[in-house]
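Fold and contact review
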Amino acid sequence: MTEPKKLVRVLTTEVPGGYELVIEADDGRVIRVVATSRQIEALARQFTKLVDDEEQAGG
(Lines give C-alpha, C1' and ligand atoms only; values in the text may rest on other atoms or scores of the structure.)
Protein backbone atom coordinates (compact mmCIF):
# COMPACT_ATOMS: atom_id res chain seq x y z
CA MET A 1 0.00 0.00 0.00
CA THR A 2 1.26 3.49 -0.81
CA GLU A 3 1.92 6.22 1.72
CA PRO A 4 -1.04 8.53 2.42
CA LYS A 5 -1.00 11.90 0.69
CA LYS A 6 -2.18 15.19 2.15
CA LEU A 7 -5.46 16.50 0.82
CA VAL A 8 -5.17 19.76 -1.09
CA ARG A 9 -8.62 20.23 -2.58
CA VAL A 10 -11.97 18.57 -3.19
CA LEU A 11 -14.35 19.83 -5.83
CA THR A 12 -17.87 18.46 -6.22
CA THR A 13 -20.18 18.59 -9.20
CA GLU A 14 -23.65 17.16 -9.64
CA VAL A 15 -23.76 14.61 -12.47
CA PRO A 16 -26.44 12.21 -13.69
CA GLY A 17 -26.91 9.55 -11.01
CA GLY A 18 -25.00 11.36 -8.28
CA TYR A 19 -21.96 13.54 -7.78
CA GLU A 20 -18.44 13.71 -9.14
CA LEU A 21 -15.70 14.37 -6.59
CA VAL A 22 -12.35 15.61 -7.86
CA ILE A 23 -9.73 15.04 -5.16
CA GLU A 24 -6.27 16.58 -5.41
CA ALA A 25 -3.34 15.41 -3.29
CA ASP A 26 -0.25 17.39 -2.31
CA ASP A 27 1.84 15.55 -4.89
CA GLY A 28 -0.42 16.85 -7.68
CA ARG A 29 -2.25 13.58 -8.22
CA VAL A 30 -5.91 14.04 -9.09
CA ILE A 31 -8.55 11.37 -8.57
CA ARG A 32 -12.06 11.61 -9.99
CA VAL A 33 -14.79 9.59 -8.29
CA VAL A 34 -18.52 9.36 -8.99
CA ALA A 35 -20.70 8.67 -5.96
CA THR A 36 -24.41 8.26 -5.42
CA SER A 37 -26.42 10.48 -3.09
CA ARG A 38 -26.44 7.68 -0.51
CA GLN A 39 -22.67 7.34 -0.66
CA ILE A 40 -22.25 11.10 -0.19
CA GLU A 41 -24.64 11.01 2.78
CA ALA A 42 -22.66 8.12 4.31
CA LEU A 43 -19.40 10.07 3.85
CA ALA A 44 -20.95 13.13 5.46
CA ARG A 45 -22.04 11.06 8.47
CA GLN A 46 -18.54 9.59 8.82
CA PHE A 47 -16.91 13.04 8.62
CA THR A 48 -19.39 14.46 11.14
CA LYS A 49 -18.67 11.61 13.55
CA LEU A 50 -14.91 12.14 13.19
CA VAL A 51 -15.24 15.86 13.94
CA ASP A 52 -17.65 15.25 16.83
CA ASP A 53 -15.34 12.61 18.33
CA GLU A 54 -12.35 14.95 18.02
CA GLU A 55 -14.25 17.82 19.68
CA GLN A 56 -15.34 15.57 22.54
CA ALA A 57 -11.72 14.49 23.01
CA GLY A 58 -10.70 18.14 23.30
CA GLY A 59 -9.06 18.40 19.89
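Here the structure is shown first, and the text comes after it.
Some points on the pairing of strand E2 (residues 18-25)
Alignment of strand E1 (residues 7-15) against E2, held across eight bridges, turns out to be antiparallel. Within E2, the residue paired with Thr13 across the bridge is Glu20. Joining the antiparallel neighbours E1 and E2 is a turn of two residues, in which Gly17 adopts a positive phi near 90 degrees. Where E2 and strand E3 (residues 30-35) come together, six bridges link them in antiparallel fashion. Its bridge partner lying in E3, Leu21 is registered against Val33.

Considering the sheet that holds E1
Strand order in the open sheet formed by three strands is E1-E2-E3, with antiparallel pairing between adjacent strands. Both outer strands of the open sheet, E1 and E3, are each paired with one neighbouring strand and no more. When strand polarity is set aside, the average angle formed by the axes of neighbouring strands in this sheet is 20 degrees. Along the sheet, helix H1 (residues 37-56) makes contact with E2 and E3, crossing E3 at roughly 115 degrees.

Rules behind the numbers
- Residues numbered from 1 in each chain as written.
- Predicted model: local features only at pLDDT ≥ 70, side-chain atom pairs only at ≥ 80, totals over all residues.
- Heavy atoms only, no water.
- Pairing = 2+ DSSP bridges.
- Helix = DSSP H or I, 4+ residues; strand = E, 2+ residues; numbered from the N terminus.
- Axes fitted to C-alpha atoms, helices over the stretch in contact; angles between N-to-C directions.
- Contact = heavy atoms within 4.5 Å.

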